[in-house]
Amino acid sequence: MSLVAGFVVETLPGAAERVAARLSRLPGISVEGGDGNRRLAAVWTAGRGGSMAELAEQLLASDPDLLGIYPTFVGNGADEEE
Amino acid sequence: MKVTRRDFLRTSAAASALAALGSPCRALAEATGPVTWTKSVCRYCGTGCGLYVGVKNGKVTAVQGDGDNHNAGFLCLKGLLLPEIMAAPDRHLHPLVRRNGKLVRVSWEEAMGLVASRFKEAAEKFGPDAVGFYGSGQALTEESYVANKLFRAGLRTNNVDGNPRLCMASAAAGYLSTYGKDEPMGCYEDIDHADVFLIVGANMAEAHPVLFRRVARRREQGKGVKVIVLDPRRTPTSRIADLHLSFTPGTDLAILNAMAHVLLAEGMADEEFVRAHVAFGEGTEANKSLDDYRKLLADYAPARAAEIAGCRAEDIVTAARWFGEQGRAAMSMWTQGLNQRTRGVWANNLVHNLHLLTGKIGLPGSTPFSLTGQPNACGGVRDGGALAHLLPYGRLVANEKHREEMERLWGVPAGTLAPKPGLAAVDLFRSLEEGKLKCLYVMCTNPGQSLPNVDRYRKAMAGDGSFLVVSEAFHPTRTSELADVVLPAALWAEKEGVYGCAERRYQLLQKAVEPPGEARPDFDILCELAGRLGHGKLIPFKTPEEAWNEILRVAKGTPYDFSGMTRERLRQAHGLLWPLPAAGHPGTRRRYVRGEDPLVPAAHPQRIQFYGRPGARAVVWLRPQKSPEEVPDAVYPLYLTTGRVIEHWHTGTMTRNCRELRHARAEATAEMHPQDAARLGVEGGDPVRITSRRGQETFRVSLAEGGRPGVVFVHMHDDRRLCNRITIDAVDPVSRQPEYKICAVKVEKA
């Protein structure tokens, strides 16, 4: 099973653009939009065994400008349908 | 064009995230197809986030945040993944009874017959106090109420306690001693008005993420908003801190006294407020003066406090100045870092002192606000009086008039309610150990993992002389594995009842689906047990709504009065805050405040009335620094502190059932400062054994760069690596809450 998750990223004020650039370089993550200041909408498509919680933990641990990850959607994609 | 399932999911995920920029967590409804939505409340922490439960083909398939509730539609990952716990493989589906050492499946008839006969026999043979009930801040209000009434007025014992004793008893006793009444006077909305946040002993970013988000938003939107975090550890909460004040565990009483010292020395006290609304006290008597207080605080000049606490004096001064600056609203928030201490009540008193000295209380953005760990610890257990020393809605066991009142309300003969308070959590399990308590009914909680010094009490629970009944939605747990009877309980959306969260907000959880297997709501199980014990007249309820209607009558006329919260109104509302004494009343955002609190007369000459205390004066208590029960020494040279992580909750019985969360920090690690690890010769991932005077456990090391040397942190959620083998079961002498947060340990290579 693969994982598809939508989530909102909250950053320190003004940090959204920098965080977006960084997120976009990570495998499986696409930034879909933002408010231009402190919030981003993103999607993560992970392979087998991917975990939204692990991703959130890694992102929060690696970027001090990041204040929170708020998932809005978590779906499992069956492998045979991909 | 072929649209694969992954394409569909990806589009749905993007749509939901983009929609969330305007209204978070709402888009799931559209993304998951036709479902019915039932209004409810999150099952996890004490924030009480409103949500809707999505049901498709009789199964819970989704949740979405309630945009009309205080959480504005936001949920944390745990809340969003609630559907996964409902059909977990370890859902407990059938009654079990222990035979020849093994738990075997039996009928409800056999299980309930056995429970009733054993409790009846023990009470008759050894007296009423040979039986007890250990409940939960996760049970519904109606469930806790029925258990409370059955055990006190039916079985005639006050041995009714619960896990809120482990997490918030010190907060309750702090409010009670300072203001005369329990529960916060402020509300979540105060976050939107605060100019200064004093977050003490609370890791909101992980334990209360939705409230933390609201604090972070206020910090960025308000003018010059400051966030002060007092915590030995550098947690994710400190990311937004303007000042993170780290200190030696157990020395925050000195820091809080030093802040009061600065407030008085620099003229930041509101003398008019103090004259009108404040008394001073020591011990349990309000018989001291402001001068006496000044004398005590003379010992807590910032330099002296900094020496005690291992922090910088200028940081204490800065914190005090920010807190005390005139015209700026100050909100304090705390949880287990203050509460789980042998001087937890004192620590709570000292936070209240700062508000009372400055008059920063009862105004928008100015309030002392204790955060809560469980969804119904406040509503069902604290307010409902399901703790050993309490009776419902502010009444006390030790108060003869209160007992008489409850006897009248419950329609039982005078003298039915025993005058002696029952045994508080740890004492209850010690009584089991001593063989005095013969039968214990545990509902919706997991003491076999969560009690401090847990191996001691696991032996007692498993002992031949005790009869342990566990009503649980999951099996096995570290408690149900020890039980003589395990009853399958319905979970969350499978039943109906009320939750009351940290801000006095009561909300109705409506039933959305049927329980699986033979599981039943605890309400039904307790009502049946009452009948089997011969107390059917005492517990005549057919539905939780019938019990709720009685609860409204029991609360009427008390300082908790929420008699206007009819079932129908709760169904319609997105949470209601008490006092709410009439059907048309809007609820009370700020207690004790004229024009808001219906218990303060409209003609009261001042803006505030602390009606819970004699003379309507809240008390500034004189409390010196007091060390924790155990401090490091040559043999046990490090501090151990325990706590939470964002992905998991309590003993993990629910969150480990979410695939997402199971892979994220489910394993407890020994979080150490790199200096301590280097001294020991270990690196991240290496196994270490942590040993205290009580027990030991093995963990892998994780390194925390921002941590404090000399402090090891382990989270409490792992059911295989039990941090509570190590923790201390010393308790606060007033609140009887254990000191989970501090004990002395040694760490060795394993």
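One numbering rule holds for all chains: residues counted from 1, following each sequence as written. For this description, chains carry letters from A and ligands carry numbers from 1, given in the order in which they are written. Since the coordinates come from a predicted model, pLDDT governs what is reported: local features require at least 70, and pairs of side-chain atoms require 80 or more to be given and counted, while whole-chain, interface and lining totals use all residues. To obtain the side-chain values, all non-hydrogen atoms of the structure were included, while hydrogens and water were left out.

**Quick look at the overall build of chain B**
The line we're drawing: The helix count covers DSSP runs of H or I at least four residues long, the strand count covers runs of E at least two residues long, and both are numbered beginning at the N terminus. Relative accessible area decides the class of each residue, using a 1.4 Å probe on protein chains only: under 20% of the type maximum gives buried, over 50% gives exposed, and in between gives partly exposed. We call two residues in contact whenever any of their non-hydrogen atoms come within 4.5 Å of each other. Exposure was quantified through the Shrake-Rupley algorithm and a 1.4 Å probe, taking into account, for residues, occlusion by the shown protein chains and nothing else.
For chain B, the count of helices and strands is 27 helices and 29 strands. Looking at chain B residue by residue over its 750 residues, the buried ones come to 67%. Long-range contacts, defined here as pairs at least 24 residues apart, represent 72% of the contacts in chain B between residues at least 6 apart. Summed over its atoms, the accessible surface of chain B is roughly 24800 Å², and 50% of this surface lies on carbon and sulfur atoms.

**Description of the pairing of strand β13 (residues 330–334) of chain B**
The side chains of a regular strand alternate between both faces of the sheet. Residue and element names in this part refer to chain B. Test applied: We call two strands paired when DSSP finds no fewer than two bridges between them.
Within β13, five of the five residues are buried, leaving the element largely enclosed by the surrounding structure. Here β13 shows no split at all, with Ala330, Ser332 and Trp334 on one side and Met331 and Met333 on the other all buried. In this structure, strand β8 (residues 196–200) lies alongside β13, joined through five bridges in parallel fashion. Counted as the bridge partner of Val196 is Ala330 from β13.

**Brief notes about the domain arrangement of chain B**
Residue and element names in this part refer to chain B. Put simply, the rule is: These domain limits were set by an automatic method or by a database of domain assignments. Summed over both partners, the accessible area lost on bringing two parts together, with a 1.4 Å probe, is the buried area. Note on definitions: salt bridges are taken to be side-chain nitrogens of Lys or Arg within 4 Å of carboxyl oxygens of Asp or Glu. In protein, a polar contact requires one atom able to donate a hydrogen and another able to accept it; more generally it is a pair of N or O atoms within 3.5 Å, and residues adjacent in sequence count only if both atoms are side-chain atoms. We call Asp, Glu, Lys and Arg charged. Ala, Val, Leu, Ile, Met, Phe, Trp, Tyr, Cys and Pro are nonpolar, and the rest, Gly among them, are polar.
By the assigned domains, chain B splits into domain 1 (5–86), domain 2 (96–165 + 376–532), domain 3 (169–375 + 616–621) and domain 4 (638–727). With centres defined by C-alpha atoms, the gap from domain 2 to domain 3 works out at 35 Å. For the pair domain 2 and domain 3, the two sides together bury roughly 1400 Å², of which 47% comes from carbon and sulfur. For the pair domain 2 and domain 3, the interface holds two salt bridges. Close ionic contact of Arg382 with Asp182 constitutes a salt bridge, the shortest N to O distance being 2.7 Å. Summed over the shared surface of domain 2 and domain 3, the result is ten residue pairs in polar contact (both at pLDDT 80 or more). Broken down by element, the side of domain 2 that touches domain 3 gets its largest block of residues, four residues, from helix α18 (residues 377–383). Along the lines of polarity and charge, the residues of the side of domain 2 that touches domain 3 split into six nonpolar, six polar and five charged.

**Comments concerning the layout of surface pockets**
The condition is simple: Put plainly, a pocket is an open set of points on a 1 Å grid over the protein atoms alone with protein on both sides within 12 Å along at least five of seven lines, a cavity is a set where a 1.4 Å probe fits but cannot get out, and a lining residue has an atom within 4 Å of a point. Grid points are joined across faces, edges and corners, and a volume is the space filled by probe spheres set on the points.
Here the largest pocket is characterised by a volume of approximately 1100 Å³. In this structure, the largest pocket is lined by 41 residues; those nearest its centre are Glu57(A), Ala61(A), Glu206(B), Pro236(B) and Arg665(B). Where the lining of the largest pocket is concerned, the elements lending two or more residues are α2 (52–62) and β4 (66–77) of chain A together with α3 (77–80), α9 (204–207), α10 (209–221), β25 (669–672), β27 (696–703) and β28 (711–715) of chain B. With six residues, β4(A) is the largest single contributor of residues to the lining of the largest pocket.

**Observations regarding the sheet that holds strand β23 (residues 618–621) of chain B**
All names here are of chain B. We apply this condition: Axis lines are fitted to C-alpha atoms, over the contacting stretch for helices. Their N-to-C directions set the angle, which ranges from 0 to 180 degrees.
Spatial ordering of the open sheet is given by β12-β11-β23, a layout of three strands whose pairing is mixed. Edge strands, defined here as strands with exactly one partner in the open sheet, are β12 (285–288) and β23. When strand polarity is set aside, the average angle formed by the axes of neighbouring strands in this sheet is 60 degrees. With four bridges connecting them, strand β11 (residues 278–282) and β23 associate as parallel partners. Looking at β23, one finds that Gly281 is bridged to Trp621.

**Digging into the sheet that holds strand β1 (residues 36–41) of chain B**
Residues and elements named next belong to chain B. On the basis of which strands lie adjacent, the open sheet formed by three strands has the order β1-β2-β3 and antiparallel pairing. Both edges of this open sheet fall to β1 and β3 (59–65), since each of them pairs with a single strand only. Put simply, the sheet's adjacent strands are angled 30 degrees from each other on average, direction ignored. Bridging between strand β2 (residues 50–56) and β3 involves six bridges; their strand directions are antiparallel. Within β3, the position partnered with Val55 by the bridge is Val60.

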